[in-house]
Amino acid sequence: MTAAKLEELTRRATVRIGPQGDPDRLWGTGFFVAPGWVLSCAHVIPGVEQPEAVGTFLVHGRHGSTQARLGYWLGGGFDPEQDLVLIRLADDSVRHACVRLGDRSDAPSRVTVYGWRAAEGCKPQTWSGHCVINGSDGSSGLTLGPETEIPHGASGGPVLDRDRGVVLGVVKARRRGKDGGLAIAATALRGFARAVPVGGEEGLGREPYRELIRAHDQWHHRMREEPGSAAKSWVAAQEGLVPSGERVWTPRDSAAASALLAELPPPVSTRELESLIQVAVGEEPLWPGAVAARDWRDGHGWLYETADGDDIAFLHYLLLVARTCAAERPGPAAELERWVEQRAGQLPVYYRALLKTPRIAAWVAARAAGAEAGGPVVAVELRPDAYRPQDRFHWRIWTWAEEAGCFRAWDEGDEPEGASLAELPYLLSEPLHEVFGRTDTEGGPARLEFVLPVECFDENVHLWRSRLIARTMRPDPADRPFGAHRQVVLRPLEREATPGELRRERWLGVAEGALETLPLRWPEAGSEVLEAAPAGAVPLVCRTAGDGAEPLREVIRAGYAVALWRRGDPHQAGCGTPCGDLEDRVARLLRRARRAGALPEELRMLRERISRADADADWAEPLALLYDDPDRPLPEPAGLLNSP
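Nothing here was measured: the structure is a model prediction, and the numbers come from that model.

With that settled, the discussion passes to the confidence of the model for the chain. The pLDDT averaged across the chain works out to 84; a share of 85% of its residues lies at or above 70. By mean pLDDT, helix H10 (residues 358-372) is the weakest element of the chain at 59, and strand E3 (residues 37-40) is the strongest at 98. Taken as a whole, residues 469-474 scores under 50 in pLDDT and shows 15 contacts with residues more than four places along the chain or in a different chain.

So this is what it looks like as structure tokens:
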């Protein structure tokens, strides 16, 4: 009986898509995932490569026939996760059912696929077939077994997990001349965080994935309150799949928790979400696939796999989320915490005691302290090869979360002889794209720190990109040069034996006091000038590192953690009007910034203006910034960075 209910509920939400002028013509299938929103495959829409020109078409289903248009798409491409599109109904008042989407990342076993088919000369008919998931294809592709033949027209249909009672994917394609096919996992929906809006679409705001999945959960919560509603029946049908007598997290628990999570502000970054899960269960999450988790719901789904459905793990996680969001959204956070307390009342006393742990208070305190530390940071270290130090480098990437003293290794190169500076932008492109997806927050992109030998301080790393070849027809703003959209600073690979207390004193001077320009016209101004300068001084070296690294080395030896210099063409003999102009402009820049913590963003804004052809900002084109925060000490070099 449960299987029959789930089949009927899925069919209620499944639709067919076709042209406006021919209601019996079938393009493909889709299904409702939130009020007014249909999910399907992009390739079923003719002309989707030019989405603005597609116009309106028809969506047919239990609700009747309704005009619709493209809302968001992922730009097309060869990977399965890029072949998704969100379709918006033209009439927002249409009432319809929605499927219940799963939030798990692990693949199921037994599934039923649904869609529409059109035999030659006949009107479209509904279709379904049972099969198994027998493999994967890429980060989000699921291969469908040969138990059934998927007909033309079924692409875009829902894939129902028969054992868990949720829709876990989208039918993508059949195999030519063979049974079975390919599906796209529902977790690929996270890719809509960077979707391309069509026709100025703003219905899902700046974060289409989050808004879509929250609208989905809120709809299911509202419909559960209506007697005999589809949503209430769906959860009841799922409950019939839960083994009796076991203490597990039930579909009813999941539905209630998801609705409460949908009312909270989202995590500031994937890294914050990962840290919270690690506190809750003592294990760092390893997300399957390439698309990073985006919302609290994603963390909820991950717990099924690691905690084996143990309800105490879910309650611990939800309590942490509530405490994390309490300051920003006290009402909904308190409501979630009350629900956790009520649900915990079903646990034996000794289990309830596990929720009263000092780790929760420690997490909230660490998060607050991290917010004051300036946000997340991604660092790239380039260390010269031991045998070819002039032209070959080994690299590694690590991150600091909001907590300044907590770093995490991310990736490192495996080239035995290192790589040249010309090769590094290409080698680092994909790793940096992935790490930014985990660390960037709604507050802004993570700061990027390059750790280099002083001799390489003229390298134009701010012009590197995280994706040298865009995967979509429309480049994402984040694919611009680093310096145009994120803070980019430099740090010295070696500290030149600077006394720690001297460096700390100078750092506090620029971090807490007014900044003051210290022009250094080398060699006229030497170490004596540096040593005698006040604590808030910021050295400005008018020469490039290419003119000789000694001036910058002297700055670092004297304990300075913040300095500016001119990169680019070699310095002419003597200092004249250009140097004076640079000194005056930098003095104004420092007065505007007031403290060292604001300098990286001030320089970023200038670089963005330069990228937009603002001639008034051109003077800052050669500027580079040393920003060597002692509260984020460089990790000790890993042995793998050395040549064999």
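Read on for the rest.
In this section: unusual backbone geometry. A positive phi is found at Arg-594, a non-glycine position, where the angle reads about 70 degrees. Here Arg-594 shows up in the loop between helix H16 (577-593) and helix H17 (599-611). In this structure Arg-594 comes out as exposed when scored by relative accessible area, which is 58%. Positive phi outside glycine occurs at Ala-613, with the angle close to 65 degrees. Structurally, Ala-613 can be placed in the loop between H17 and strand E22 (623-627). A relative accessible area of 68% means that Ala-613 is categorised as exposed.

Next up on the list: the sheet that holds strand E10 (residues 158-161). With antiparallel pairing, six strands are arranged side by side around a closed barrel as E7-E8-E9-E12-E11-E10. Adjacent strand axes in the sheet meet at a mean angle of 45 degrees when their direction is disregarded. Inspection of the sheet shows strand E8 (residues 125-137) paired to strand E9 (residues 141-144) by four bridges, in the antiparallel sense. Looking at the pairing, Ser-136 lines up with Leu-142 of E9. Strands in contact with helix H1 (residues 2-13) are strand E7 (110-117), E8 and E10; relative to E8, the strand with the most contacts, it is inclined by about 105 degrees.

In this model, helix H5 (residues 270-281) (twelve residues) spans 17 Å end to end at C-alpha, consistent with the 16 Å of a helix rising 1.5 Å per residue. Most of H5 sits inside the fold, with ten of its twelve residues counted as buried. Of the residues one or two after H5, Gly-282 is the one with positive phi, at around 75 degrees.

It is worth spelling out helix H4 (residues 251-261) at this point. Working note: α-helix, 3.6 residues per turn, so residues spaced by three or four point in the same direction. Across the eleven residues of H4, ten count as buried, placing the element largely inside the fold. Among the residues of H4, those classed as buried are Pro-251, Asp-253, Ser-254, Ala-255, Ala-256, Ala-257, Ser-258, Ala-259, Leu-260 and Leu-261.

Taken as a whole, this structure holds 43 salt bridges when the rule is applied. Between Asp-161 and Arg-164 there is a salt bridge, and its shortest N-O distance comes to 3.4 Å. Looking at Asp-161, the relative accessible area reads 1%, which means it is buried.

Once that is clear, we can look at the packing of aromatic side chains. For the structure on display, the rule yields ten aromatic pairs. Ring geometry for Phe-450 against Trp-464: centres 5.3 Å apart, planes inclined by 85 degrees, an arrangement best described as edge-to-face. Note that Phe-450 is positioned in strand E17 (residues 447-452) and Trp-464 in the loop between E17 and helix H12 (482-485), a separation of 14 residues in sequence. Ring geometry for Phe-457 and Trp-565: centres 5.1 Å apart, planes at 15 degrees, overall stacked.

With that settled, the discussion passes to the pairing of strand E5 (residues 64-73). Examined bridge by bridge, strand E4 (residues 57-61) and E5 share five bridges and lie antiparallel to one another. Its bridge partner being in E5, Leu-58 is matched across the sheet by Gln-67. Adjacent in sequence and paired antiparallel, E4 and E5 are bridged by two residues. Pairing analysis gives two bridges linking E5 to strand E13 (residues 196-197), with the strands arranged antiparallel. Following the sheet pairing, Tyr-72 is matched in E13 by Pro-197.

Moving on, we come to the side chain of Glu-381. Within the element layout of this structure, Glu-381 appears in strand E14 (residues 377-384). What makes Glu-381 buried here is its relative accessible area of 1%. For Glu-381, the side chain forms a polar contact with the side chain of Arg-383, separated by 2.9 Å. One polar contact links Glu-381 to Arg-396, side chain to side chain, over a distance of 2.7 Å.

What follows deals with the packing of H5 against helix H7 (residues 311-325). Across the interface, H5 lies against H7 with an axial gap of 9 Å and an inter-helix angle of 135 degrees. Judged by the angle between their axes, H5 and H7 are oblique. Between H5 and H7 the crossing geometry is right-handed. Taken together, the residues of H7 that come into contact with H5 (itself represented by Glu-272, Leu-273, Leu-276, Ile-277, Val-279, Ala-280 and Val-281) are Ala-313, His-316, Tyr-317, Leu-320, Val-321 and Thr-324. By residue class, the composition of the contact of H5 with H7 is ten nonpolar, two polar and one charged.

Each value, and the rule that gives it
Residues numbered from 1 in each chain as written. Predicted model: local features only at pLDDT ≥ 70, side-chain atom pairs only at ≥ 80, totals over all residues. Heavy atoms only, no water. pLDDT = per-residue confidence, 0-100. Helix = DSSP H or I, 4+ residues; strand = E, 2+ residues; numbered from the N terminus. Contact = heavy atoms within 4.5 Å. Buried < 20%, exposed > 50% of the residue type's maximum accessible area, 1.4 Å probe, protein only. Pairing = 2+ DSSP bridges. Axes fitted to C-alpha atoms, helices over the stretch in contact; angles between N-to-C directions. Expected span 1.5 Å × (residues − 1). Salt bridge = Lys/Arg side-chain N within 4 Å of Asp/Glu carboxyl O. Phe/Tyr/Trp six-rings, centres within 6.5 Å; stacked < 30°, edge-to-face > 60°. Polar contact = N/O pair within 3.5 Å; in protein donor to acceptor, adjacent residues only side chain to side chain. Parallel < 35°, antiparallel > 145°, perpendicular 65-115°, else oblique. Left-handed = near helix turned anticlockwise from the far one by under 90°. Nonpolar A, V, L, I, M, F, W, Y, C, P; charged D, E, K, R; others polar.

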